[in-house]
Amino acid sequence: MVPAAGLGTRFLPTTKTVPKELLPVVDTPGIELVAAEAAEAGAEQLLIVTSPGKDAVAAHFADSSELEKTLAARGKEKLVAKVRRAHELLAVRTVTQDEPLGLGHAIGCVRGALADDEQAFAVLLPDDLVLPTGVLSRMAAVREQFGGSVLCAFDIPREEISAYGVFDVSDTEDPDVKQVHGMVEKPAAADAPSTYAAAGRYLLDVAVFDAIDRITPGAGGELQITDAIALLISEGHPVHVVVHRGGRHDLGNPGSYVRAFVDFALEHPDYGPELRTWLAARLAD
């Protein structure tokens, strides 16, 4: 599932009319990149948690046959393939979160949309691009080995760790798989229990729904998924992290969004060479 019910306040005034999740990374909305990651890992269905008035997010994945016919008639076959991609990635359903009551609450909204035989589900935060893709498959393998829930982590330099939620972990036989004993939000560098910081990928056992029902709301009445996971840990539910040795981009604020846009544009065969030349000249000035 992908939580996409937020207001996108850091991107106002653009997000008055355009959902943040549809802002393009070069020419592809961030949420489509995340959906492609899920499909690559074997997902067949994407549950998008939206808020009232954000119908455009789901509409991006709807059938676009009329537009495709128009483009095909003009001989623009490459554009037809690009337009069709989102619709063909996987089946998309929406669930409405009527009030912005936190990530834990948003995750709780999807329980009725899961099949009775589904024992776990992935959560992909659309603000986070985890590169290269593939960590979800690794997380699934760890759940197969240990059971329970599996999260994604990055190894962050200690001097930068205070900006993140940090895991308290112990080692397993695999240096990139850690057992989680707790989590601390934005600790001082000297107090951080590790240098492993949370990223926006979760593979959660359905037991998390019961935990969400039993946690206490925090500031603003919000239910935090970290509190639900902490409750599960305290009750003996196994939780592990996969340490991803790659990169990430945060699409959640304009400054980091620009970095993601430039990074993807530099790798684009049509735009990269000219952009690289222009950037070099611009920076020289």
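In this text, all values refer to a predicted model and were calculated from it rather than measured experimentally. (Residues numbered from 1 in each chain as written. Predicted model: local features only at pLDDT ≥ 70, side-chain atom pairs only at ≥ 80, totals over all residues. Heavy atoms only, no water.)

J.: Can you explain the overall build of the protein chain? Please cite residues and give values.
T.: Counting its regular elements, the protein chain contains ten helices and 13 strands. The dimensions of the protein chain, computed from C-alpha atoms along their principal axes, are 60 × 50 × 40 Å. Expressed as a percentage of contacts within the protein chain between residues at least 6 apart in sequence, the contacts between residues at least 24 apart total 74%. Roughly 14500 Å² of accessible area belongs to the protein chain as shown, and the carbon and sulfur atoms make up 52% of that amount. Looking at the protein chain, you have 25 positive and 42 negative side-chain charges, and the mean spots of the two groups are 6 Å apart. (Helix = DSSP H or I, 4+ residues; strand = E, 2+ residues; numbered from the N terminus. Contact = heavy atoms within 4.5 Å. Areas by Shrake-Rupley, 256 points an atom, 1.4 Å probe, with all protein chains shown as cover. Lys, Arg positive; Asp, Glu negative; His and termini not counted. Charge placed at Lys NZ, Arg CZ, Asp CG, Glu CD.)

J.: Residue-level account of the UniProt feature "domain: Nucleotidyl transferase" (unreviewed entry) in the protein chain, with values.
T.: Feature annotation in UniProt assigns "domain: Nucleotidyl transferase" (unreviewed entry) to the following positions: residues 4-263. The annotated region residues 4-263 carries 32% helix and 26% strand content, and the separation between its end C-alpha atoms amounts to 24 Å. (UniProt positions renumbered as here; feature names shortened; annotations may be inferred.)

J.: Just give me the short version of the environment of Cys109, but keep the residues and values in it.
T.: Of note, Cys109 is situated in the loop between α5 (103-108) and β6 (120-124). Cys109 gets classed as partly exposed once you look at its relative accessible area, which sits at 22%. A C-alpha to C-alpha distance of 41 Å links Cys109 and Asp270, two positions 161 residues apart in sequence. (Buried < 20%, exposed > 50% of the residue type's maximum accessible area, 1.4 Å probe, protein only.)

J.: Can you break down the pattern of salt bridges residue by residue, with the values?
T.: Considering all chains together, one arrives at 17 salt bridges under this definition. Arg85 is paired through a salt bridge with Glu32; the nearest N and O atoms lie 2.7 Å apart. With Arg85 in helix α4 (residues 77-89) and Glu32 in helix α1 (residues 30-40), this pair connects stretches of sequence that are 53 residues apart. Owing to a relative accessible area of 4%, Glu32 belongs among the buried residues under this scheme. A salt bridge links Glu88 to Arg84, with the nearest nitrogen and oxygen atoms 3.8 Å apart. Of this pair, Glu88 and Arg84 both sit in helix α4, four residues apart, roughly one helical turn. When salt bridges that share partners are traced, they join Glu68, Arg84 and Glu88 into one network. (Salt bridge = Lys/Arg side-chain N within 4 Å of Asp/Glu carboxyl O.)

J.: Which residues make up the environment of Thr96, and what values do they have?
T.: Mapped onto the fold, Thr96 is located in strand β5 (residues 91-96). In this structure the C-alpha to C-alpha distance between Thr96 and Ala5, which are 91 residues apart in sequence, comes to 7.9 Å. Residue contacts for Thr96: discarding those within four places in its chain leaves Thr50, Ser51, Pro52 and Cys109.

J.: Give a description of helix α8 (residues 225-234) that names residues and reports values.
T.: Residue pairs spaced three or four apart in an α-helix point in one direction, given the helix's 3.6 residues per turn. All of the buried residues along α8 are Ile225, Ala228, Ile229, Leu231, Leu232 and Ile233. Residues of α8 that are buried sit in contact with α5, β8 (149-155), β10 (177-185), β11 (196-205), α7 (207-214) and β12 (239-243). Just downstream of α8 lies Gly236, where phi reads positive at about 90°.

J.: For the side chain of Glu37, give the residues involved together with the corresponding values.
T.: Relative to the elements of secondary structure, Glu37 occurs in helix α1. Within the structure, Glu37 has its side chain in polar contact with the side chain of Arg201 (distance 2.8 Å). With sequence-adjacent residues up to four places away left out, Glu37 is seen in contact with Leu124, Thr133, Val135, Leu136 and Arg201. (Polar contact = N/O pair within 3.5 Å; in protein donor to acceptor, adjacent residues only side chain to side chain.)

J.: So what about the packing of α7 against α8? Which residues, and what values?
T.: Two elements in contact, α7 and α8, have axes whose closest approach is 9 Å; the angle formed by their N-to-C orientations is 110°. One element, α7, and the other, α8, form an angle in the roughly perpendicular class. Contacts between α7 and α8 pair Ala207, Val208, Ala211, Ile212 and Arg214 from the former with Ile225, Ala228, Leu231 and Leu232 from the latter. A breakdown of the residues in the contact of α7 with α8 according to their chemical character gives eight nonpolar, no polar and one charged. (Axes fitted to C-alpha atoms, helices over the stretch in contact; angles between N-to-C directions. Parallel < 35°, antiparallel > 145°, perpendicular 65-115°, else oblique. Nonpolar A, V, L, I, M, F, W, Y, C, P; charged D, E, K, R; others polar.)

J.: Give a detailed account of the packing of aromatic side chains, specifying residues and quantitative values.
T.: A ring pair, where both rings are aromatic, is described by two values, the distance of the centres and the angle of the planes. A complete count under the given rule lists three aromatic pairs for this structure. A ring pair is formed by Phe11 and Tyr257, whose centres lie 5.7 Å apart and whose planes are at 85°; its orientation type is edge-to-face. One end of the pair, Phe11, is in the loop between β1 (2-3) and β2 (24-25); the other, Tyr257, is in helix α9 (residues 254-267), and 246 residues separate them in sequence. Here Phe11 matches Tyr257 in class, with each residue buried. Look at Phe121 and Phe209: their rings are 5.1 Å apart centre to centre, the planes differ by 5°, and that puts the pair in the stacked class. On the criterion of sequence distance, the pair formed by Phe121 in strand β6 and Phe209 in helix α7 is long-range, its members being 88 residues apart. Like Phe209, Phe121 is buried. In this structure an aromatic cluster arises from ring pairing among Phe11, Tyr257 and Phe261. (Phe/Tyr/Trp six-rings, centres within 6.5 Å; stacked < 30°, edge-to-face > 60°.)

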